[in-house]
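Structural overview for review
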Amino acid sequence: MAMRDDGFRYGLVTRLLHWSMAGLMAWQFAGMGIKLAVGKAPITAFWVGTHKSVGTVLLALLIVRAIWGLYNMKARPAHGGGFWGLAARGGHLALYAMMLVVPASALLRQYGSGKSMTFFGLPFITGGGSEVAWMTAPADAFHGLLAWLLLAAIGGHVLMVLVHRFIWKDDTARRMLG
């Protein structure tokens, strides 16, 4: 398998970034789902305890993925034309925008809170300052809402993969699946 995208399918690096992020997002949403369903419990504390660190990893992977996507721009498989091609491009742009805004707003909130944060147990953001409202307010207002909207968009993305595979019976899904 080629490392780079080739116009017909995504390369190894793109696939690794895509599926790594998919797994980490599944972890994030499962943790929040358990928190909502179970409330405070040892499993919730463990899962939610990783939320900030995993979110930071997701933001870093998104940045790498965006740079890699720009590097491969001319070799990436086309979305196609017409309404469905435009919808695919718009859907992917919306996914990328939410994948950027959700963790970036949370990190801004964390920094603005004046509280420290660890990254898998290592110091990442030092605390001790006072809260800065303009930094905390956006995430307080939108982080959770946009995260659940992101999950809905991911659901739409998966639904369209299934439509391509089982209704339209084209090879679109194989571009990422192999």
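Whatever comes next refers back to the structure up there.
Anyway, here's the lowdown on the structure attached to this text. (Residues numbered from 1 in each chain as written. Predicted model: local features only at pLDDT ≥ 70, side-chain atom pairs only at ≥ 80, totals over all residues. Heavy atoms only, no water.)

1. What about the packing of aromatic side chains?
Under the criterion given, the structure shown has 8 aromatic pairs. Seen from their ring centres, tryptophan 68 and tyrosine 71 are 5.5 Å apart, and the 40° between their planes marks the pair as tilted. Residue tryptophan 68 and its partner tyrosine 71 are located together in helix α3 (residues 51–71), separated by 3 residues, close to a single helical turn. On the basis of relative accessibility, which here comes to 51%, the residue tyrosine 71 falls in the exposed class. The ring of phenylalanine 166 carries the charged tip of arginine 165 above its face, separated from the ring centre by 5.5 Å. (Phe/Tyr/Trp six-rings, centres within 6.5 Å; stacked < 30°, edge-to-face > 60°. Helix = DSSP H or I, 4+ residues; strand = E, 2+ residues; numbered from the N terminus. Buried < 20%, exposed > 50% of the residue type's maximum accessible area, 1.4 Å probe, protein only. Lys NZ or Arg CZ within 6 Å of the ring centre and 35° of its normal.)

2. Brief notes about unusual backbone geometry
The phi dihedral of phenylalanine 120 falls on the positive side, at around 50°, and the residue is not glycine. Turning to its location among the elements, phenylalanine 120 is positioned in the loop between β1 (117–119) and β2 (122–125).

3. Some points on the side chain of glutamine 110
When you line up the elements, glutamine 110 lands in helix α4 (residues 82–113). With relative accessibility at 8%, the residue glutamine 110 sits in the buried group. If we skip the residues at most four places from it in the chain, glutamine 110 touches Lys52, Lys115, Ser116, Met117 and Ile125. (Contact = heavy atoms within 4.5 Å.)

4. Considerations on the pattern of salt bridges
Summed over the entire model, instances satisfying the criterion amount to 4 salt bridges. We note a salt bridge from arginine 9 to aspartate 6, for which the minimum N-O separation is 3.1 Å. Overall, aspartate 6 belongs to the partly exposed group, its relative accessible area being 35%. One salt bridge in this structure joins aspartate 171 and arginine 174, with 3.8 Å as the shortest N-O distance. (Salt bridge = Lys/Arg side-chain N within 4 Å of Asp/Glu carboxyl O.)

5. Thoughts on the nonpolar core
In this structure, Met21, Met25, Phe29, Leu58, Met99 and Leu150 are the most contacted members of the largest nonpolar core, which totals 15 residues. If you tally residues by element for this core, the top one is α3, at 5 residues. Residues within four places of leucine 58 in sequence aside, it is in contact with Met21, Leu24, Met25 and Gln28. (Core = buried A, V, L, I, M, F, W, Y, C linked by side-chain atoms within 4.5 Å.)

6. Description of α4
Under the 1.5 Å per step criterion, the end-to-end length of α4 is 46 Å for 32 residues, consistent within 8% with the ideal 46 Å. Those residues of α4 lying buried are Gly85, Leu95, Met98, Met99, Val102, Pro103, Ser105, Leu107, Gln110, Gly112 and Ser113. Buried positions along α4 lie against α1 (12–38), α3, β1, β2 and α5 (133–167). Positive backbone phi, approximately 80°, marks glycine 114, located one or two places after α4. (Expected span 1.5 Å × (residues − 1).)

7. Considerations on the packing of α4 against α5
The description of two packed helices rests on the angle between their axes and on the distance between the axes. α5 packs onto α4 with a crossing angle of 150° between their chain directions and a minimal axis gap of 8 Å. Here α5 runs roughly antiparallel to α4, going by the angle between their axes. Viewed along their axes, α4 and α5 form a crossing whose handedness is left-handed. Classifying every residue of the contact of α4 with α5 by side-chain character gives 18 nonpolar, 7 polar and 2 charged. (Axes fitted to C-alpha atoms, helices over the stretch in contact; angles between N-to-C directions. Parallel < 35°, antiparallel > 145°, perpendicular 65-115°, else oblique. Left-handed = near helix turned anticlockwise from the far one by under 90°. Nonpolar A, V, L, I, M, F, W, Y, C, P; charged D, E, K, R; others polar.)

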